[in-house]
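Per-entry structural report
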Amino acid sequence: MIQDSDQWFRISNPDEINSPALLVYPERIVENIERMIASVKDKSLLWSHVKTHKMPEIVRLMIKHGITRFKCATIAEAEMSAGCGPDEILLAYQPVGPNIRRFFELQEKYSGSSFSCLLDNEEVAARLSEMSVASDIPARVWIDINNGMNRTGIAPGPKAVQLFRSLKSLPGIDPQGLHVYDGHLHKSDYTIRKQMCDEAYRTVEPMIRELRSDGHSLRIIAGGTPTFPIHAAREGVEVSPGTTTLWDYGYSSSFADLQFLHAAVLLSRVISKPAEGLVCIDLGTKAVASEMPHPRIKILGMDNYEFVTHNEEHMVIRPGKGERLNIGDVLYCIPWHICPTVDRYNKVYVAEQGMVTGEWEVEGRKRKITI
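It should be emphasised that the depicted structure is a prediction, and the values quoted were computed from it without experimental measurement.

**Considering the layout of surface pockets**
What the largest pocket holds in volume is close to 1100 Å³. Lining the largest pocket are 40 residues; nearest its centre among them are Lys51, Met149, Arg151, Tyr181 and His337. Mapped onto the lining of the largest pocket, the elements with two or more residues apiece are strand S5 (114-119), strand S6 (139-145), helix H10 (249-252) and helix H11 (338-342). Residue composition of the lining of the largest pocket, grouped by class: 16 nonpolar, 16 polar and 8 charged.

Here's what the structure looks like:
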């Protein structure tokens, strides 16, 4: 098991790297994969969400370790994953418009993987059925259950039960089960988070029992990163963590019970000292996720600083007393939110044994690969 050292993030060849840049550390990624597997009863229950990293190299690392099911947020992420040859891919998004056609084109091109998608209404179900009949390709679907997040899905209860039953009569539709995502549960205290998670899941259990008593085969995918170990303790429930792969400052500072390693670091440089006590670095909003208030990064090796302004190419900080920064100095930073930070980069630099040795393309960030 890897043990963190104070200087694990530093590279010996920063002069070869343009900034801002995102560095990834494969040895630490592998450690996170192993810890993720150790968190569940059976690794076949894992659906790793690729929206965090969007890189085929990481999908292949997971397949090498026996994880063969993946969740994706976009058609491009699904195509990126399919190119690595997994067993199953879930488009964790309800396809509408041209994405319905693209969903079937994916299946036609990558017939070695089993594809499925989410839905929460009869209109999309009917459209998927029509396309399935026309293409002679099955439409495997999961009912997207809204058990409190209020972003997508259908509330658990009679309407959701009826929707599932109605799918059985639609030609070409192959209902898989229920997708129960509780991404709104972010309490730092594990006891409170578990209580809230259990309460939210209990709203779904009556319809699970009802559908199974009817003789329906029913799989359940539940939870995101903060709750996946809780759901993994339920018999037969499949889980879909994502942030565990690279980890970030937001989760490491919020969830002491989740022991994963930071495996992605932003490399930045001091570009200006515009006034007394102010330092500007090249880590603007185009280089790091900025949908939340500060702190948006944790500067490694610095404890005393405050954020002043942040815009497109610039971040201005006010270092505390004793912090000496010069023009051109390299800073290493952990993003607060890694998923949208990765999405800002076409490629990442691969850091191994203290130096950058190569590059990986962030292929899944494209809106379109070939389909």
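Next, the rest of the story.
**Some details on the packing of aromatic side chains**
The geometry of an aromatic ring pair comes down to the distance between the two centres and the angle between the two planes. Counting across every chain of the model gives 11 aromatic pairs. Centre to centre, the rings of Phe103 and Phe104 are 5.5 Å apart; their planes meet at 75°, and the pair counts as edge-to-face. Exposure class is identical for Phe103 and Phe104. Each is buried. Taking the centre distance of 5.2 Å and the plane angle of 50° together, the rings of Trp247 and Phe260 count as tilted. Taken together, the residues span a long stretch of sequence, with Trp247 in the loop between strand S9 (238-239) and H10 and Phe260 in the loop between H10 and strand S10 (264-272) at a distance of 13 residues. Chaining the aromatic ring pairs together yields one cluster made of Phe228, Trp247, Tyr251, Phe255 and Phe260.

**Remarks on the packing of helix H6 (residues 158-167) against helix H8 (residues 205-213)**
Relative to each other, H6 and H8 sit at 35°, their axes nearing to 10 Å. Considering the relative orientation of H6 and H8, their crossing is right-handed. Mapping the contact onto sequence places Ala160, Val161, Phe164 and Arg165 in H6 and Met207, Glu210 and Leu211 in H8. Taken together, the residues of the contact of H6 with H8 break down into 5 nonpolar, no polar and 2 charged.

**Considering helix H4 (residues 98-109)**
Compared with the 16 Å implied by 1.5 Å per residue over 12 residues, the 17 Å span of H4 between its first and last C-alpha is a close match. On the buried face of H4, the contacting elements are helix H3 (75-82), strand S4 (88-91), S5, helix H5 (122-135) and S6.

**Remarks on the sheet that holds S4**
Within the open sheet, the 8 strands sit side by side as S2-S3-S4-S5-S6-S7-S8-S9. Their pairing is parallel. Looking along the sheet, the strands with just one partner apiece sit at the ends: strand S2 (48-49) and S9. Relative to S9, strand S8 (residues 219-222) runs parallel, the two being bridged by 2 bridges. What sits directly across from Ile221, in S9, is Glu238.

**Looking at the packing of helix H1 (residues 26-38) against helix H2 (residues 56-64)**
Look at H1 against H2: their axes get within 10 Å of each other, and the N-to-C directions meet at 45°. Put simply, H1 runs oblique to H2. By crossing handedness, the relation of H1 to H2 is classed as right-handed. Contact with H1, carried on its side by Ile29, Val30, Ile33 and Met36, involves Ile58, Leu61 and Met62 of H2 and no other residues of that element. Partitioning the contact of H1 with H2 into residue classes produces 7 nonpolar, no polar and no charged.

**Some thoughts on the side chain of His262**
Tracing the chain through its elements places His262 in the loop between H10 and S10. One polar contact links the side chain of His262 to the main-chain carbonyl oxygen of Asp248, over a distance of 3.3 Å. Once you skip the residues sitting within four places of it in the chain, His262 turns out to touch Trp8, Arg28, Leu246, Trp247, Asp248, Tyr249, Ser252 and Ile334.

**Observations regarding the pairing of S6**
Of all 7 residues in S6, 6 are buried; the element is thus mostly enclosed. Here S5 pairs with S6 via 4 bridges, running parallel. Residue Ser116 lies in a different strand from S6, and its bridge partner there is Arg140. One crossover worth recording links S5 to the parallel S6 by way of H5, and it is right-handed. In this sheet, strand S7 (residues 173-180) lies alongside S6 in parallel orientation, the contact comprising 7 bridges. In the strand pairing of S7, Val141 is matched with Pro175. Read from S6 through H6 to S7, the crossover connection turns out right-handed.

**Some thoughts on the environment of Met207**
Looking at the secondary structure, you find Met207 in helix H8. When the C-alpha positions of Met207 and Ala160 are compared, they lie 8.0 Å apart, and in sequence the two are 47 residues distant. Setting aside residues up to four positions removed in sequence, Met207 forms contacts with Ile145, Pro156, Gly157, Ala160, Val161 and Leu178.

What counts and how
- Within any chain, residue numbers begin from 1 and follow the written order of that chain's sequence.
- With pLDDT at 70 or above as the cut-off, local features in this predicted model cover only qualifying residues; side-chain atom pairs require 80 or more to be listed or tallied, and sums for whole chains, interfaces and linings still use all residues.
- To get the side-chain values, take all heavy atoms of the structure and skip hydrogens and water.
- A pocket, in this scheme, is an open set of points on a 1 Å grid over the protein atoms alone with protein on both sides within 12 Å along at least 5 of 7 lines, while a cavity is a set where a 1.4 Å probe fits but cannot get out; residues line either one if an atom lies within 4 Å of a point.
- Grid points are joined across faces, edges and corners, and a volume is the space filled by probe spheres set on the points.
- Helix numbers and strand numbers start at the N terminus; a helix is a DSSP run of H or I with at least 4 residues, a strand a run of E with at least 2.
- Under the grouping applied here, Gly and all other residues not named as nonpolar or charged are polar, the nonpolar ones being Ala, Val, Leu, Ile, Met, Phe, Trp, Tyr, Cys and Pro and the charged ones Asp, Glu, Lys and Arg.
- What counts as a ring pair is set by centres within 6.5 Å for rings of Phe, Tyr and Trp (its six-membered ring), and what kind of pair is set by the plane angle: stacked under 30 degrees, edge-to-face over 60, tilted for all other angles.
- Accessibility here uses a 1.4 Å probe with only protein chains present; expressed as a share of the type maximum, an area under 20% marks a residue as buried, one over 50% as exposed, and anything in between as partly exposed.
- Angular values range over 0 to 180 degrees, each being the angle between N-to-C directions of two axes fitted as lines to C-alpha atoms, with helices fitted over their stretch in contact.
- Handedness of each helix crossing follows the sense of rotation of the near helix against the far helix: counterclockwise by less than a right angle gives left-handed, clockwise gives right-handed.
- Every residue pair with non-hydrogen atoms within 4.5 Å of one another is taken to be in contact.
- By definition here, a helix of n residues has an expected span of 1.5 Å times n minus one.
- Following DSSP output, two strands are said to pair if at least two bridges run between them.
- Working rule for angles: under 35 degrees goes down as roughly parallel, over 145 as roughly antiparallel, 65 to 115 as roughly perpendicular, anything else as oblique.
- A 3.5 Å cut-off defines polar contacts: any pair of N or O atoms within that distance qualifies, except that in protein one atom must be a possible hydrogen donor and the other a possible acceptor, and neighbouring residues in sequence count only when both atoms are side-chain atoms.
- By the criterion used throughout, a crossover qualifies as right-handed when its path from the first strand across the helix to the second strand runs clockwise, the strands pointing away from the viewer.

Everything listed here is a matter of coordinates, which is why it stays silent on function.
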